[in-house]
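# Coordinates in review
In case you want the letters, here they are:
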Amino acid sequence: MARETGFKLIDTDRLIEEEEGRSISEIFLTDGEVGFRAIEKRIVLKVLKDEDCIIALGGGSVLDPEIQSILKPMKEVIFLDVSISNAAPRVGFNKERPLLMGNPRQQWLQLMEKRRGIYEQLAKRTISTDNRKALDVAHEIVGYVKS
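In short, a report on the structure. What you see is a predicted model; the values in this text were computed from it and never measured.

Let us now look at unusual backbone geometry. Notably, N131 is not glycine yet its phi reads approximately 55°, a positive angle. With respect to the secondary-structure elements, N131 resides in the loop between β4 (125-128) and α7 (134-146). Judged by relative accessible area, which is 72%, N131 ranks as exposed.

For the rest of this paragraph, the subject is the environment of D130. Looking at where D130 falls in the secondary structure, it is placed in the loop between β4 and α7. Exposure remark for D130: the relative accessible area of 23% places this residue in the partly exposed category. Considered as a pair, D130 and A87 are 43 residues apart in the sequence and their alpha carbons are 8.3 Å apart.

The subject of this paragraph is helix α3 (residues 24-47). With 24 residues, α3 extends only 18 Å from end C-alpha to end C-alpha; this falls clearly short of the ideal 34 Å at 1.5 Å per step. Its maximal kink placed at D31, α3 deviates by approximately 115°.

Conventions adopted
- Residues numbered from 1 in each chain as written.
- Predicted model: local features only at pLDDT ≥ 70, side-chain atom pairs only at ≥ 80, totals over all residues.
- Heavy atoms only, no water.
- Helix = DSSP H or I, 4+ residues; strand = E, 2+ residues; numbered from the N terminus.
- Buried < 20%, exposed > 50% of the residue type's maximum accessible area, 1.4 Å probe, protein only.
- Expected span 1.5 Å × (residues − 1).
- Bend = angle between axes of the 7 residues up to and from the residue.

Nothing here speaks to function; it is all geometry.
Rendered as structure tokens:
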């Protein structure tokens, strides 16, 4: 998408790791989820002020009411939906996903149950990514945004 539109891409999870000098898993381990969410909120709020860019938000960032209030009036918020059968091979349900520790499939289902309503409420459009290549999804999004 960034190449096709000329906009820069900001992945907030990567930015958190770059600014903190440690992985998200390490942040969760040392600071806990509350500490991570505080770091995430600070960085996401800063990034949301940037215009003409594509922002890939971490899945939990939208749980914050202040972030929700900024996203709600934005015209191009897109929820990339995925089923558990397609998510499993993508994320691997490994130790790099701290909220998926223990029983990863069950944890994922619980997270999605908690978050789905917020995702759908904030999104102007929902796009299923199941059984699709990233490039195909990107083309669909670019077509939608340009129309």
